[in-house]
Amino acid sequence: MAEADHKILSAEIKLGSQYYFYMETQTALAVPDEDNCIVVYSSIQAPEYAESTISRCLGIPEHNVCVITRRVGGGFGGKAMKAIPVATACALAAYNLRRPVRMYMNRKTDMKTTGGRHPMEVTYNVGFKEDGKITALHLDILMNAGIGTDISPIIPLFMVGAIKKYDWGAFSFDIKVCRTNHSSKSAMRGPGEVQGTFISEAVIEHVASVLSMDVDSVRSKNLHTFNSLDFFY
């Protein structure tokens, strides 16, 4: 930061959440099978996760659980983890009642429970030269994870990967995953990468605005070289 000709201090970015709004809401059909087995048809993007969860819930080996995804019915990440509770509840009812059970959520319930993209509050300090070359960037990021863990712990990894698309010079960050009383947030279409890309471009555009330069010129000035790629990655 000491090398900078100009500095922007304590600038703020607020990123809201998004709901998936897939065509079909969360749904599942569980059918008891012979030899203490169960077959679950679920509109899930990650059937292997449902299989292990159902196995633990019913107290039976994983090879006794068969999870089949014929059609997702629209997912965008919303049926990766969030389909597991519906599939598991359906399997539990079918296993105990020894009869097929089908469950689905109405749209209102689905929207309340599914969560969506992680909202964030970002504060950044950036230093840059007169020609638009950025010399230092520090980010403080508060990420609203909601009430449950879900995939929130790995979102910062994806974010930083996206932010490092430019050569920021001295780059530092502090990302806090915050537990709140909101519904737990989950994967959604490039989780973390979308937010990271938005933050990167917002910083670049802010610098261009202060210098009254064309934003593409500032982008070009801060593209990686071989040496910076080797350093950053």
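The preceding data block contains the structure.
Residues numbered from 1 in each chain as written. Predicted model: local features only at pLDDT ≥ 70, side-chain atom pairs only at ≥ 80, totals over all residues. Heavy atoms only, no water.

1. Some words on the sheet that holds strand β8 (residues 170–179)
Logical step 1: Pairing in this open sheet of four strands is mixed, and the strands run β1-β6-β7-β8 from one edge to the other. Every other strand in the sheet has two partners, leaving β1 (6–15) and β8 as the edge strands with one partner each. Each adjacent strand pair in this sheet contributes to an overall mean axis angle of 10°, direction not counted.
Logical step 2: In this structure, strand β7 (residues 134–146) lies alongside β8, joined through 10 bridges in parallel fashion. Note that in β8 the partner of Asn 144 across the bridge is Cys 178.
Logical step 3: The sheet strands contacting helix α4 (residues 155–163) are β6 (120–128), β7 and β8, and the helix crosses β8 at an angle near 150°.
Logical step 4: Against the sheet, helix α5 (residues 193–211) touches β1, β6 and β7, its axis set at about 140° to β1. (Pairing = 2+ DSSP bridges. Helix = DSSP H or I, 4+ residues; strand = E, 2+ residues; numbered from the N terminus. Axes fitted to C-alpha atoms, helices over the stretch in contact; angles between N-to-C directions. Contact = heavy atoms within 4.5 Å.)

2. A closer look at helix α2 (residues 84–97)
For the α-helix, the turn length of 3.6 residues means that residues three or four positions removed from each other point alike.
Logical step 1: Between its terminal C-alpha atoms α2 stretches 20 Å, which fits the 20 Å expected from 14 residues at 1.5 Å a residue.
Logical step 2: Packing partners of the buried residues in α2 comprise β2 (27–33), β3 (37–42), α1 (47–58) and β5 (101–104).
Logical step 3: Trailing α2 by a residue or two, Arg 98 shows a phi angle of about 55°, which is positive. (Expected span 1.5 Å × (residues − 1).)

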